[in-house]
Amino acid sequence: MATTESDLGGPTDLSEEEQRAVEAQLLRLADDELIQAERYTFWQVRAPTLESDLSISNNAQDELGHARLWYDAVQQLGYSEESLIYESDPSDFQHSTFVELPFAEGDWADAIVRAYLYDVAEDIRLSALENSSYETIRNRTSRIQGEEGYHLEHAESWLDRMALDEEASERVQAAIDDLYPYALTLFEPVGDVEADIERLGIRTMTLDEMRSEWETRVESFLTELGFDVPTDVAPATPTGRDNEHTDHWHDLHEQMTSSYRNLGRDKATLIMADDDE
């Protein structure tokens, strides 16, 4: 378990070393949520039921809102939204390659397994941020946790249902086998800053501890439903945390930023300012 040295205070209280570590943690959170939200939009009007369509649309909206919360926290350290998202090079992003993978065409089992593996990891990560030494992370974590809990319940409910159908179970198992190595990249380090993140108490669990808890929870739930969970699997490469990505990311980044570029924007458009803490 990571140890907390002291409360770091707010944005103006950070030393250069502390800001570097805070930025690394915040950008990992923001990038993961933004790209997960972008991928979820694929399923809008494609889900198998109206209820599922609404749920996946709400999940996408939630994840985008969470990304905005984390990016706003980075902006407090002297950045702009444009520089963080729309004007960044694809290699500037540190999201896990897991979230950039395109969904399998027409395979709802792939979507649900993807959501489940991500949401368990997100639940563990948020728990490790509840007592963060950086107050902005603490405050925003508490605002996000409730919505993420609903995401996990939705995925678990669908897995319960699909486990009862032979054809659906086969698709779920195939998705588990394909996606598991990529899901492990969620727990890969960002550069050489992890030791500082843990020492400063910005996150109160190590990546190894988080991965171990994730593996235990995922294996327990999925095997109880009759699925096989891969063991002794290495994380897929590239991981994304090292700023290296799959070819899928470059295509998605092009789509994400095309409107901003084509409309000749020089700043992101806001309808209203975000509330303060």
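Check the entry above for the structure.
Residues numbered from 1 in each chain as written. Predicted model: local features only at pLDDT ≥ 70, side-chain atom pairs only at ≥ 80, totals over all residues. Heavy atoms only, no water.

### Quick look at helix H5 (residues 108-127)
Part 1 of the argument: In a regular helix each residue adds 1.5 Å, so 20 residues correspond to 28 Å; H5 covers 28 Å between its end C-alpha atoms and thus fits that length.
Part 2 of the argument: Between the side-chain oxygen of the N-cap and the backbone nitrogen of Ala-109 there are 3.1 Å, and the N-cap of H5 in question is Asp-107. (Helix = DSSP H or I, 4+ residues; strand = E, 2+ residues; numbered from the N terminus. Expected span 1.5 Å × (residues − 1). Polar contact = N/O pair within 3.5 Å; in protein donor to acceptor, adjacent residues only side chain to side chain.)

### Describing the pattern of salt bridges
Part 1 of the argument: Taken as a whole, this structure holds 19 salt bridges when the rule is applied.
Part 2 of the argument: Of the charged contacts, one joins Asp-32 and Arg-125 as a salt bridge, the two residues approaching to 2.9 Å between their closest N and O atoms. With Asp-32 in helix H1 (residues 16-40) and Arg-125 in helix H5, this residue pair connects regions lying 93 residues apart in the sequence. When sorted by exposure, Asp-32 lands in the same class as Arg-125, which is buried.
Part 3 of the argument: Ionic pairing is found between Arg-199 and Asp-196, a salt bridge with its closest N-O pair at 3.1 Å. Taken together, the residues span about one helical turn, with Arg-199 and Asp-196 both in helix H8 (residues 194-199) at a distance of three residues. (Salt bridge = Lys/Arg side-chain N within 4 Å of Asp/Glu carboxyl O. Buried < 20%, exposed > 50% of the residue type's maximum accessible area, 1.4 Å probe, protein only.)

### Quick notes on the packing of H5 against helix H6 (residues 135-162)
Part 1 of the argument: Orientation of H5 relative to H6, taken along the N-to-C sense of each, is 145°, at an axis distance of 8 Å. Remark: the crossing between H5 and H6 carries left-handed chirality. Note on element contacts: H6 touches H5 through Thr-141, Ile-144, Gln-145, Glu-148, His-151, Leu-152, His-154, Ala-155, Glu-156, Trp-158, Leu-159 and Met-162, opposite Trp-108, Ala-109, Ile-112, Val-113, Ala-115, Tyr-116, Asp-119, Val-120, Glu-122, Leu-126 and Ser-127.
Part 2 of the argument: By residue class, the composition of the contact of H5 with H6 is 14 nonpolar, five polar and four charged. (Axes fitted to C-alpha atoms, helices over the stretch in contact; angles between N-to-C directions. Left-handed = near helix turned anticlockwise from the far one by under 90°. Contact = heavy atoms within 4.5 Å. Nonpolar A, V, L, I, M, F, W, Y, C, P; charged D, E, K, R; others polar.)

### With respect to the environment of Ser-6
Part 1 of the argument: Take Ser-6: it is sitting in the segment before H1.
Part 2 of the argument: In this structure, the C-alpha to C-alpha distance between Ser-6 and Leu-200, residues 194 residues apart in sequence, is 7.2 Å.

### A short note on helix H7 (residues 166-183)
Two residues of an α-helix separated by three or four positions point the same way, owing to the 3.6 residues in each turn.
Part 1 of the argument: Taking 1.5 Å per residue as the helical rise, H7 with its 18 residues ought to reach 26 Å, and the 25 Å between its terminal C-alpha atoms agrees with that figure.
Part 2 of the argument: The sharpest bend along H7 measures roughly 30° and falls at Asp-177, with the proline Pro-181 sitting one to four residues further on.
Part 3 of the argument: Taken together, the buried positions of H7 are Ala-168, Ser-169, Val-172, Gln-173, Ala-175, Ile-176, Leu-179, Tyr-180, Pro-181 and Ala-183.
Part 4 of the argument: On its buried side, H7 packs onto helix H4 (97-100), H5, H6 and helix H9 (207-224).
Part 5 of the argument: Backbone nitrogen of Glu-167 and a side-chain oxygen of the N-cap are separated by 3.2 Å at the start of H7; the cap is Asp-165. (Bend = angle between axes of the 7 residues up to and from the residue.)

### Focus on the nonpolar core
Part 1 of the argument: Membership of the largest hydrophobic core comes to 77 residues, with the highest contact counts inside it found for Leu-26, Tyr-116, Leu-117, Leu-159, Trp-214 and Leu-222.
Part 2 of the argument: The element that contributes the greatest number of residues to this core is H5, accounting for 13 residues. (Core = buried A, V, L, I, M, F, W, Y, C linked by side-chain atoms within 4.5 Å.)

### Remarks on unusual backbone geometry
Part 1 of the argument: Note the cis peptide between Thr-237 and Pro-238, where omega equals -5°.
Part 2 of the argument: With respect to the element layout, Pro-238 can be found in the loop between H9 and helix H10 (247-262).
Part 3 of the argument: Phi at Asp-232 takes a positive value of approximately 55°, unusual for a residue other than glycine.
Part 4 of the argument: Under the relative-accessibility criterion, Asp-232 is labelled exposed at 83%.
Part 5 of the argument: The phi angle at Asn-243 is positive, at roughly 70°, despite the residue not being glycine.

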